[in-house]
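Breakdown of the fold
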Amino acid sequence: MQPDLLSDAVALRLLDHLHTRSPLVHCLTNDVVTTFTANVLLALNASPAMVVDPDEAAQFSAVADALLINLGTLTHPQREAMRAAIHSARQHATPWTLDPVAVGALSLRTDFAHEIVALSPAAIRGNASEIRALAGESTGGRGVDTTDSVHDALNAAVALARQSGAVVAVTGEVDYITDGTHTLAVSGGDALMTRVVGTGCALSAVVAACCALPGDRLENVAGACWIMKRAGSQAMSSATGPGSFASAFLDALYGLHREVAA
Amino acid sequence: MQPDLLSDAVALRLLDHLHTRSPLVHCLTNDVVTTFTANVLLALNASPAMVVDPDEAAQFSAVADALLINLGTLTHPQREAMRAAIHSARQHATPWTLDPVAVGALSLRTDFAHEIVALSPAAIRGNASEIRALAGESTGGRGVDTTDSVHDALNAAVALARQSGAVVAVTGEVDYITDGTHTLAVSGGDALMTRVVGTGCALSAVVAACCALPGDRLENVAGACWIMKRAGSQAMSSATGPGSFASAFLDALYGLHREVAA
Amino acid sequence: MQPDLLSDAVALRLLDHLHTRSPLVHCLTNDVVTTFTANVLLALNASPAMVVDPDEAAQFSAVADALLINLGTLTHPQREAMRAAIHSARQHATPWTLDPVAVGALSLRTDFAHEIVALSPAAIRGNASEIRALAGESTGGRGVDTTDSVHDALNAAVALARQSGAVVAVTGEVDYITDGTHTLAVSGGDALMTRVVGTGCALSAVVAACCALPGDRLENVAGACWIMKRAGSQAMSSATGPGSFASAFLDALYGLHREVAA
């Protein structure tokens, strides 16, 4: 399968929609990346909110525009909140996105990911090891890092998209985004992004936000990947290390709409 | 009611006190803003500490100079720690400040906020929707954002101050601070502050710190608002987006005492 | 006891090992510093992971290269995860490091620290008050700050090292690192580091990472202190306050290997 490249016109349309609609994204995510995830969404004019009590999470997913489920620091209580939020999201036709952090290597999250992948996620975003594990392949992932190549995981992504009905993004040096029939590829970014915690998790939050926008879902998810890679490439031009990169990356996201529109 | 403007002399006195007394602020706050809240307090030479176990929270509020209760990611276990900390604070005459994040829209926090607002908070800091909801008005708040204007919430703030005995700050483009009889106004800052997560929550922590300082409480709470707006305005002069703004904002807070004193 | 200074050659060897081995550090740490801790480890090419469920924490400590236990926001559920992770680490000969945040002042963490210090930590890193309290001396610590001088705590550090078998680092303006027989001293850094939350906690994570590397453990722990102080001194040359310092500090850590090797 030869993936197509995403056109800049699609990405510009997405940035327009993010700025005019400011989707409210309910993030049930891991403890390490909450701040960065919120700041990434705010930089794109989306509205993040983290509501974590099970009853409140269900209330909130009913009014939010999108829901993100990230398994990075899963606990038993958080699992209850996630179940409640997903069920409420489905009742209210709120699209939800799964980030299966470190699935495959650890049992609680792996079992839970297999449980909820059956609940019609709109999108799934992970690295090669995570996507292969979620598709049922055995993998060599070690914790949150991936030891698999993105391209080798493309078949798993296609299979997972067909099983789950979700748009699946397997991301790394090149991102592949597939609905099981068509596949898009997005390249760019910089290796320095892997030295800043939360860039992948924040991408999943942007994927969740873009699933709430009008247009083709496959293109929207690919557009989320494009936005993050473009901002990463821009941030590199002024960064001297991961500290200045993180700051420049948020600035680049914030200015991207104006820059792409120009 | 025509609010008075806060004088720079009052703000300078507060900055002096923050630097010489370094108040120890016990923060029971939400998961998304812990780091930024601690860094804001540290930049002002205050001492933040987050002690979250119910027994330890009660021990710690007995020795801290101030307590902050922020409901942003409230859970049932956190509610127990907050109750314990508030009761200990009251026994030891430690002033406590309430940030009623998203109260009105969600049930657990709304019920809990109504319960604890009866426990004599020294100050309450929220946006227009939150203050109106806590005062018993119905509101249009959507999650953590506000859809109400600050000025329209001033009557609710006055009523809430009279009911609770707290100094109430309703903040936005202009901040209004009232004890139910007198009202102060603070303007300044920059819209970019709304694109950085935690600026409002960190303001509440500075309010808590200033409630531990000598002087008039109404002026002290208004002074906390003044400090954050002044640093925000300064940070704008060097920022190119929310990433560089957050960094410049902490630098501005750190240098504010010397700059205002000069 | 006259401590020796750590040689730059030892620090360079450590930086080499961090870059080639990229140790996987399982961090059970406090809520306030997770992001900064992860970013500090990533800047040094180590691999952080926070796995917090008790069952998963035990699984993960079996495959990680090192484990960090930081008591800053200890709760009863987190205590269970920590116990499970420590026992798994010991079964798999994974070295574990203790950061006894605010031990002495608060009961849950003090009791727990005394319990686990008997479980053969590889290293212990704390400020003067914390090390004195853990060694059984009464102290004047107020929360997470220390009111004791580092040098006065050196006897306590030596005693604690002999009791526990751990390398003990008591850190402040000068860091002392002792195995109970030999003591090393590391100076440098900048007072601005105390105005950025998590610099001490992140040092403990680097200590944990260095305990997984080949070489003498006493030198490795001292090398971790050296790395952080050197990066702090470098960051000061470009920082104008704690915001820009935090960013420059991560950049300095990232560039340190190349700079020291040159």
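Below or above, wherever it landed, is the structure these notes cover. Each chain carries its own residue numbering, running from 1 in the written order of its sequence. Numbering of ligands from 1 and lettering of chains from A proceed in the order in which they are written. Restriction of local features to residues with pLDDT of at least 70 applies here, the model being predicted, together with a cutoff of 80 or more for giving and counting side-chain atom pairs; totals for whole chains, interfaces and linings are based on all residues. Hydrogens and waters are ignored; side-chain quantities use all the structure's heavy atoms.

What follows concerns the interface of chain B and chain A. Throughout, a residue-residue contact means that at least one pair of heavy atoms, one from each residue, lies within 4.5 Å. Taken together, the 26 residues of chain B in the interface contact 24 residues of chain A. Summed over both partners, buried area is the accessible surface (1.4 Å probe) that two parts give up on being assembled. In total, chain B and chain A occlude about 2,100 Å² of area from one another, counting both sides; carbon and sulfur atoms represent 55% of this. Note on definitions: salt bridges are taken to be side-chain nitrogens of Lys or Arg within 4 Å of carboxyl oxygens of Asp or Glu. Here chain B is connected to chain A by one salt bridge. Identification of polar contacts relies on pairs of N or O atoms within 3.5 Å, with a donor-acceptor requirement for protein atoms, meaning one able to donate a hydrogen and the other able to accept it, and with residues adjacent in sequence counted only if both atoms are side-chain atoms. For the interface between chain B and chain A, the tally reads 15 residue pairs in polar contact (both at pLDDT 80 or more). Elements represented by at least two residues in the side of chain B that touches chain A include exactly helix H5 (107–116) and helix H10 (242–261) of chain B. Its residues placed into classes, the side of chain B that touches chain A shows ten nonpolar, eleven polar and five charged. In DSSP terms, a helix is any run of H or I states spanning at least four residues, a strand is any run of E spanning at least two, and both are numbered starting from the N terminus. Ten residues, namely Ala, Val, Leu, Ile, Met, Phe, Trp, Tyr, Cys and Pro, are considered nonpolar, four, namely Asp, Glu, Lys and Arg, are considered charged, and the remaining ones, Gly among them, are considered polar.

Looking now at the relation of the copies chain B and chain A. Copies are brought into register by a least-squares superposition over C-alpha atoms of residues with pLDDT of at least 70 in both. Each copy superposes on the other: chain B lies on chain A with an RMSD of 0.0 Å after a rotation of 120 degrees and an axial shift of 0.0 Å. The superposition of one copy onto the other is thereby described by a three-fold rotation axis. For chain B, the residue whose C-alpha comes nearest the rotation axis is Asp31(B), separated from it by 4.2 Å.

All names here are of chain A. The convention used is that axes are lines fitted to C-alpha atoms, helices contributing only their stretch in contact, and that angles between N-to-C directions extend from 0 to 180 degrees. Taken N-terminus to C-terminus, the directions of helix H8 (residues 199–211) and helix H9 (residues 217–236) make an angle of 145 degrees; their axes are 9 Å apart at the nearest point. Crossing of H8 against H9: the hand is right-handed. Across the interface between the two elements, Thr199, Ala202, Leu203, Val206, Val207, Cys210 and Cys211 of H8 pack against Arg217, Asn220, Val221, Ala224, Cys225 and Met228 of H9. Partitioning the contact of H8 with H9 into residue classes produces ten nonpolar, two polar and one charged. Two helices that cross are described as forming a left-handed crossing if the nearer one is turned anticlockwise from the farther one by less than a right angle, and a right-handed crossing if clockwise.

Taken together, the contact pairs 26 residues of chain A with 24 residues of chain C. For the chain A and chain C pair, buried surface summed over both sides reaches about 2,100 Å², with 54% attributable to carbon and sulfur atoms. Between Glu56(C) and Arg109(A) there is a salt bridge, with the nearest N and O atoms lying 2.7 Å from each other. Counting across the interface, chain A meets chain C through 15 residue pairs in polar contact (both at pLDDT 80 or more). Within the residue set of the side of chain A that touches chain C, elements represented by two or more residues are helix H5 (107–116) and helix H10 (242–261) of chain A. Class assignment of the residues belonging to the side of chain A that touches chain C gives a composition of ten nonpolar, eleven polar and five charged.

All names here are of chain A. Burial of the side chains of strand S6 (residues 123–126) extends over both faces: Ala123 and Arg125 are buried on one face and Ile124 and Gly126 on the other. Note: two strands are recorded as paired if DSSP finds a minimum of 2 bridges between them. In this structure, strand S5 (residues 96–99) lies alongside S6, joined through two bridges in parallel fashion. Counted as the bridge partner of Thr97 is Ala123 from S6. For crossovers, right-handed means that the path from the first strand over the helix to the second runs clockwise, given strands pointing away from the viewer. Regarding the hand of the β-α-β motif, the stretch spanning S5, H5 and S6 is right-handed. Under the scheme applied here, a residue whose accessible area is under 20% of the maximum for its type counts as buried, over 50% as exposed, and between as partly exposed, the area being computed with a 1.4 Å probe on protein chains only.

Quick look at the packing of aromatic side chains now. Residues and elements named next belong to chain C. Stacked, tilted and edge-to-face pairs are distinguished by plane angle, under 30 degrees for stacked and over 60 for edge-to-face with tilted covering the rest, among Phe, Tyr and Trp rings (Trp via its six-membered ring) whose centres lie within 6.5 Å. In the structure shown here, the tally under the stated rule is six aromatic pairs over all chains. With centroids separated by 5.9 Å and ring planes inclined at 15 degrees, the aromatic side chains of Phe245 and Phe249 adopt a geometry described as stacked. Here Phe245 pairs with Phe249, and both are found in helix H10 (residues 242–261), just four residues apart, close to one helical turn. Across the pair, exposure class does not vary: Phe245 and Phe249 are buried alike.

Our next topic: the pattern of salt bridges. For the structure on display, the rule yields 25 salt bridges over all chains. The salt bridge involving Asp99(A) is made with Arg125(A); its shortest N-O contact spans 3.0 Å. One end of the pair, Asp99(A), is in strand S5; the other, Arg125(A), is in strand S6, and 26 residues separate them in sequence. Each member of the pair, Asp99(A) together with Arg125(A), is buried. Arg132(C) serves as the salt-bridge partner of Glu137(C), at 2.6 Å between the closest nitrogen and oxygen. What you see here is one network of salt bridges that share partners, running through Glu80(A), Arg83(A) and Glu115(A).

Take the sheet that holds strand S9 (residues 183–187) of chain A next. Residues and elements named next belong to chain A. With mixed pairing, nine strands are arranged side by side in an open sheet as S1-S9-S8-S7-S6-S5-S4-S2-S3. Taken across any chain shown, the strands that pair with only one partner, and hence form the sheet edges, are strand S1 (4–5) and strand S3 (47–49). With four bridges joining them, strand S4 (residues 66–70) and S5 adopt parallel strand pairing. Bridged to Leu68 within S5 is Thr97. Where helix H4 (residues 76–91) meets the sheet, it contacts strand S2 (24–28), S4 and S5, and its direction lies at approximately 150 degrees from that of S4. Packing of H9 onto the sheet brings it into contact with S6, strand S7 (167–170), strand S8 (174–178) and S9, and relative to S9 it is tilted by some 10 degrees.

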